[in-house]
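The residues making up each chain are set out below.
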Amino acid sequence: MSEDVLKKEKKPIIFSAIQPSGTITLGNYLGALKNWVSLQDSHDCIFAIADLHAITVRQEPAQFRRNIIEAYALLLACGIDTKKTLFFIQSHVHTHAELAWILNCYTQFGELSRMTQFKDKSQRHTDNVNVGLFAYPCLMAADILLYQADLVPVGADQKQHLELARDVAERFNGVYGNTFKLPDGYYPPVGARIMSLQDPTRKMSKSDENANSWVAVLDKPEDIMRKFKRAVTDSEAVVKYGENKLGVNNLMGIYSSVTGKSGEEIEREFEGKGYGDFKTAVAEAVIEELRPIRERYERFIADKAYLEEQYTKCAEIALKISARTLDKAMKKIGFIKGKH
Ligand code: TRP
């Protein structure tokens, strides 16, 4: 995407980012990434690998480096297309850290103390309650506000952070006049919230101790099949949505999200059939959906020069676009423009 595209076409601007935290699960893919891919034609999309966010927890350097490049390659493999979309690595665009510092100074201690994710994480990792973890929502606000984003696709867990970004932007605009666009959330259609295969009351998460509860986008077909075959269902043996059928609802949601079939179509397809056939069908659909992604990923990850070319080109454009917002904000505050 060139810089002018953003100016001329006036499609709504979307910003989102994902942390390079190792494994990307089927839940991340169906709940977020697949949606990002489909937004690329109708919107001007800007996506980032949020590596600055990731150091709020300690990272082992060699592993961290691998996680970043693997996340970049995997998103390309999922269909993020750098011809249409700016897709870069957050730390390559220095305006993010700079605006984050400024926003820190327009955000109240009390506001950040109310963030449920901070409360959660600081209770779980009492040995490293660092200032970055506390100020993390300001960095996220900077990511979004730098690009004057209209819409931000986020999961429920990030909704409070997005609201904080709006509040801070509104406050800044109130003091200095219009500087930042107030972003709205973009919430994926229902059914895209993928639950654990072993405990469907919980979200699918790679930090789950039971490895059978989640599927990774890069899992081998036989592992995917095994995990779905062991998925928790119920004793009713009828494939339909129901209040007390969380396991089946989840499998139907996954099947629907992969095949595009509606709930009714799925119910009809499996009428009179047992859960065994159903689980096999879901696993096969997921395997076929993920197969080309895995193949593309293998090609991308083996071609570091290509990856470097993509993220460098995108970071250069992102820097130009974001610097306009940063300069504007700094000028309003009263900074003297330096030569950088
Ligand atoms: N904090 C988000 C997460 O952990 C990732 C993220 C960073 C993000 N910056 C963002 C999401 C900006 C949306 C917009 O999932």
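These figures come from a predicted structure and were not determined experimentally. (Residues numbered from 1 in each chain as written. Predicted model: local features only at pLDDT ≥ 70, side-chain atom pairs only at ≥ 80, totals over all residues. Heavy atoms only, no water.)

1. A look at the domain arrangement of the protein
For the protein, the assigned domains read domain 1 (5-191 + 304-333) and domain 2 (211-297). Put simply, the middle of domain 1 and the middle of domain 2, counted by C-alpha atoms, are 31 Å apart. If you look at the interface, domain 1 gives 13 residues, while domain 2 gives 16 residues. Interface of domain 1 and domain 2: buried area, both sides summed, is about 1200 Å²; carbon and sulfur atoms make up 68% of it. The interface formed by domain 1 and domain 2 includes one salt bridge. The residue Lys-34 makes a salt bridge to Glu-289 at a minimum N-O spacing of 3.2 Å. Elements represented by at least two residues in the side of domain 1 that touches domain 2 include exactly helix H2 (26-39) and helix H4 (61-78). (Domains from an automatic or database assignment. Contact = heavy atoms within 4.5 Å. Buried area = accessible area lost by both parts, 1.4 Å probe. Salt bridge = Lys/Arg side-chain N within 4 Å of Asp/Glu carboxyl O. Helix = DSSP H or I, 4+ residues; strand = E, 2+ residues; numbered from the N terminus.)

2. Description of the packing of aromatic side chains
Per the counting criterion, the structure on display carries 15 aromatic pairs. For the pair Trp-36 and Phe-47, a centre-to-centre distance of 4.3 Å together with 10° between the ring planes defines the contact as stacked. With Trp-36 in helix H2 and Phe-47 in strand E2 (residues 44-49), the pair connects residues that are eleven residues apart, well separated along the chain. One exposure class covers both Trp-36 and Phe-47, and it is buried. Ring geometry for Phe-270 and Phe-278: centres 5.0 Å apart, planes at 70°, overall edge-to-face. With respect to burial, Phe-270 and Phe-278 carry one shared label: buried. Ring pairs connect the aromatic residues Tyr-106, Phe-172, Tyr-176 and Phe-180, which therefore count as one cluster. One Lys or Arg, Lys-227, reaches over the ring of Trp-214 and ends 5.1 Å from the middle of that ring. (Phe/Tyr/Trp six-rings, centres within 6.5 Å; stacked < 30°, edge-to-face > 60°. Buried < 20%, exposed > 50% of the residue type's maximum accessible area, 1.4 Å probe, protein only. Lys NZ or Arg CZ within 6 Å of the ring centre and 35° of its normal.)

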